[in-house]
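Listed below, chain by chain, are the residues.
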Amino acid sequence: MPGSSVEPTEVFARLNTLIHGRPEAQAVYQTVVAAAVELVDGCDHASMMLVDRAGRFYSAAATDDVALAVDDLELAVDDGPCVDAIVEESFQHDPNLVDGSQWPELARRVVAETTVRGLIGYRILLDGEKVGALNLFSDTADAFTTTSVDQAAVLASFASVAVMTVRAQNDSANLERALGTSREIGKAVGLLMAAHKVDDDEAFELLRKTSQDLNIKLATLAEEVVQGQRVQYVANKHPQP
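Everything numeric in this text was worked out from a predicted model, so none of it was measured. (Residues numbered from 1 in each chain as written. Predicted model: local features only at pLDDT ≥ 70, side-chain atom pairs only at ≥ 80, totals over all residues. Heavy atoms only, no water.)

Caption draft 1: Up close: the overall build of the chain. For the chain, the helix and strand inventory stands at 9 helices and 5 strands. Along the chain, from the amino end to the carboxyl end, the secondary structure elements read α-α-β-β-α-α-β-α-β-β-α-α-α-α. Buried positions account for 42% of the 241 residues belonging to the chain. Sequence-distant contacts in the chain: of pairs separated by 6 or more residues, those separated by 24 or more amount to 60%. Summed over all atoms, the accessible surface of the chain reaches about 12200 Å², with 51% contributed by carbon and sulfur. (Helix = DSSP H or I, 4+ residues; strand = E, 2+ residues; numbered from the N terminus. Buried < 20%, exposed > 50% of the residue type's maximum accessible area, 1.4 Å probe, protein only. Contact = heavy atoms within 4.5 Å. Areas by Shrake-Rupley, 256 points an atom, 1.4 Å probe, with all protein chains shown as cover.)

Okay, here's the thing in structure tokens:
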């Protein structure tokens with residue numbers, strides 16, 4: 001049975017074990033949604049919905065096609081606990097879609113098109129910014145109890161930490177790549193200055209013009225110059241007056 005009356009402190013301990021050594025974004029997100037089914041009472045399916053830089057919602061991870069289908073329905077009707085959790089409140093709960101719902105159109109379609117009968121949506125925050133929602137689904141009406149709500153709240157907090165960790169890793173990787181590119185360009189400029197007796201502005205302009213003429217990235221050309229492949233070529237391509 002999904003869910004197992006796990007205390008909130010146990011949720012954190014088990015999740016730390018689950019994601020240890022898995023730094024890739026997809027692996028982290030997938031681990032969080034899989035943990036929801038294992039650790040939250042009444043949860044049969046789960047997904048994580050995030051917001052991209054353009055403000056569009058998308059499913060970043062899901063336990064199965066049912067979870068994806070409910071996400072798609074929420075986005076199609078632009079209404080529901082998961083969407084509302086992102087744009088309005090931190091927590092949305094509809095334990096019984098059959099017995100009335102504050103999202104009637106969504107409830108009608110979910111009941112007609114999926115096995116899901118109860119929903120929980122928790123907002124994921126990053127430095128106060130609303131970046132997504134953790135969505136939990138039950139195939140049994142009223143299976144989500146107050147205990148489920150408490151367990152899900154802890155899990156949502158962990159999801160926020162997971163998103164923060166992934167984004168910090170991505171930022172670090174991007175920064176490292178940018179610094180590496182800058183170093184290669186700096187080396188190429190230095191080589192051109194020494195080889196052709198020009199100043200740094202002239203050397204960089206030689207590099208830039210050749211990059212445009214050859215239709216290759218500046219960083220790629222810089223690497224070739226550093227490797228000794230195009231030092232003379234660059235100067236010959238754009239001789240100084």
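Here the narrative resumes.
Caption draft 2: Seen up close, the pattern of salt bridges. If you walk through the whole model with that rule in mind, you get 2 salt bridges. In this structure, the salt-bridge partner of arginine 108 is glutamate 105, at a minimum N-O distance of 2.8 Å. On the criterion of helical spacing, the pair formed by arginine 108 and glutamate 105 is a turn pair, its members being 3 residues apart in helix H5 (residues 104-113). The salt bridge partner of glutamate 113 is arginine 109, with a shortest N-O separation of 3.0 Å. One end of the pair, glutamate 113, and the other, arginine 109, are both in helix H5, 4 residues apart, so they sit about a helical turn from each other. (Salt bridge = Lys/Arg side-chain N within 4 Å of Asp/Glu carboxyl O.)

Caption draft 3: Here's a closer look at helix H2 (residues 25-39). A rise of 1.5 Å per residue sets the reference length of H2, with its 15 residues, at 21 Å; its end C-alpha atoms lie 21 Å apart and thus fit the reference within 8%. Buried within H2 we find Ala27, Val28, Tyr29, Thr31, Val32, Val33, Ala35, Ala36, Val37 and Leu39. (Expected span 1.5 Å × (residues − 1).)

Caption draft 4: Molecular detail of the side chain of serine 148. Counting through the fold element by element, serine 148 comes out in helix H6 (residues 146-196). When near neighbours in sequence (up to four residues on either side) are disregarded, serine 148 contacts Val40, Asp41 and Ala143.

Caption draft 5: Fine view of the pairing of strand E3 (residues 91-94). The alternating pattern of E3 places Gln92 and Asp94 on a buried face, while none of Phe91 and His93, on the opposite face, is buried. The sheet contact formed by E3 and strand E4 (residues 118-126) spans 4 bridges and is antiparallel. When the sheet's bridge partners are listed, phenylalanine 91 is paired in E4 with tyrosine 122. (Pairing = 2+ DSSP bridges.)

Caption draft 6: Region of the structure containing the packing of helix H3 (residues 65-77) against H5. Remark: H3 packs on H5, axes separated minimally by 10 Å, with the N-to-C direction vectors making an angle of 150°. In this structure, the crossing between H3 and H5 has a hand that is right-handed. Residues Val70, Leu73, Glu74, Ala76 and Val77 of H3 form the contact with H5, whose own contacting residues are Glu105, Leu106, Arg109, Val110 and Glu113. (Axes fitted to C-alpha atoms, helices over the stretch in contact; angles between N-to-C directions. Left-handed = near helix turned anticlockwise from the far one by under 90°.)

Caption draft 7: Local environment of unusual backbone geometry. Of note in the backbone geometry, aspartate 142 takes a positive phi value of approximately 65° without being a glycine. Here aspartate 142 shows up in the loop between strand E5 (129-138) and H6. The class for aspartate 142 is partly exposed, based on a relative accessible area of 48%.

Caption draft 8: Representation of the environment of leucine 134 in the model. Counting through the fold element by element, leucine 134 comes out in strand E5. The buried category is assigned to leucine 134, whose relative accessible area is 1%. Sequence separation of leucine 134 and alanine 159 is 25 residues, and the distance between their C-alpha atoms is 7.4 Å. Excluding residues within four positions of it along the chain, leucine 134 makes contact with Val32, Val33, Ser47, Ile120, Gly121, Tyr122, Ile124, Ala152, Leu155 and Ala156.

Caption draft 9: Layout of the environment of phenylalanine 144. Relative to the helices and strands, phenylalanine 144 resides in the loop between E5 and H6. You can call phenylalanine 144 buried: its relative accessible area is 4%. On a C-alpha basis, the gap between phenylalanine 144 and histidine 93 in space is 8.7 Å, while along the polypeptide they are 51 residues apart. Phenylalanine 144 has contacts with Asp41, Gly42, Cys43, His93, Pro95, Gly118, Leu119, Ile120, Leu136, Phe137 and Ser138, leaving out every residue within four places of it along the chain.

Caption draft 10: A look at the side chain of serine 47. Along the chain, serine 47 falls in strand E1 (residues 45-51). In terms of polar contacts, serine 47 uses its side chain to reach the side chain of aspartate 71, at 2.8 Å. When residues no more than four places from it in sequence are discounted, the contact partners of serine 47 are Val33, Ala61, Ala62, Ala67, Asp71, Ala133, Leu134, Asn135 and Phe137. (Polar contact = N/O pair within 3.5 Å; in protein donor to acceptor, adjacent residues only side chain to side chain.)

Caption draft 11: Molecular detail of H3. Helix length check: H3 (13 residues) gives 18 Å between terminal C-alpha atoms against 18 Å at 1.5 Å per residue, within 8%. Taken residue by residue, H3 has Ala67, Val70, Asp71, Leu73 and Glu74 as its buried positions. Down the axis of H3, the buried set is contained in an arc of 160°. They therefore lie on one face. Residues of H3 that are exposed and point more than 90 degrees away from the buried face comprise Asp65 and Ala76. At the N-terminal end of H3, a side-chain oxygen is found 3.1 Å from the backbone nitrogen of valine 66, two or three residues along, and the residue is aspartate 64. At the C-terminal side of H3, aspartate 78 shows a positive phi close to 55°. (Arc of directions from axis to C-beta.)

Shape descriptors only; they carry no functional weight alone.
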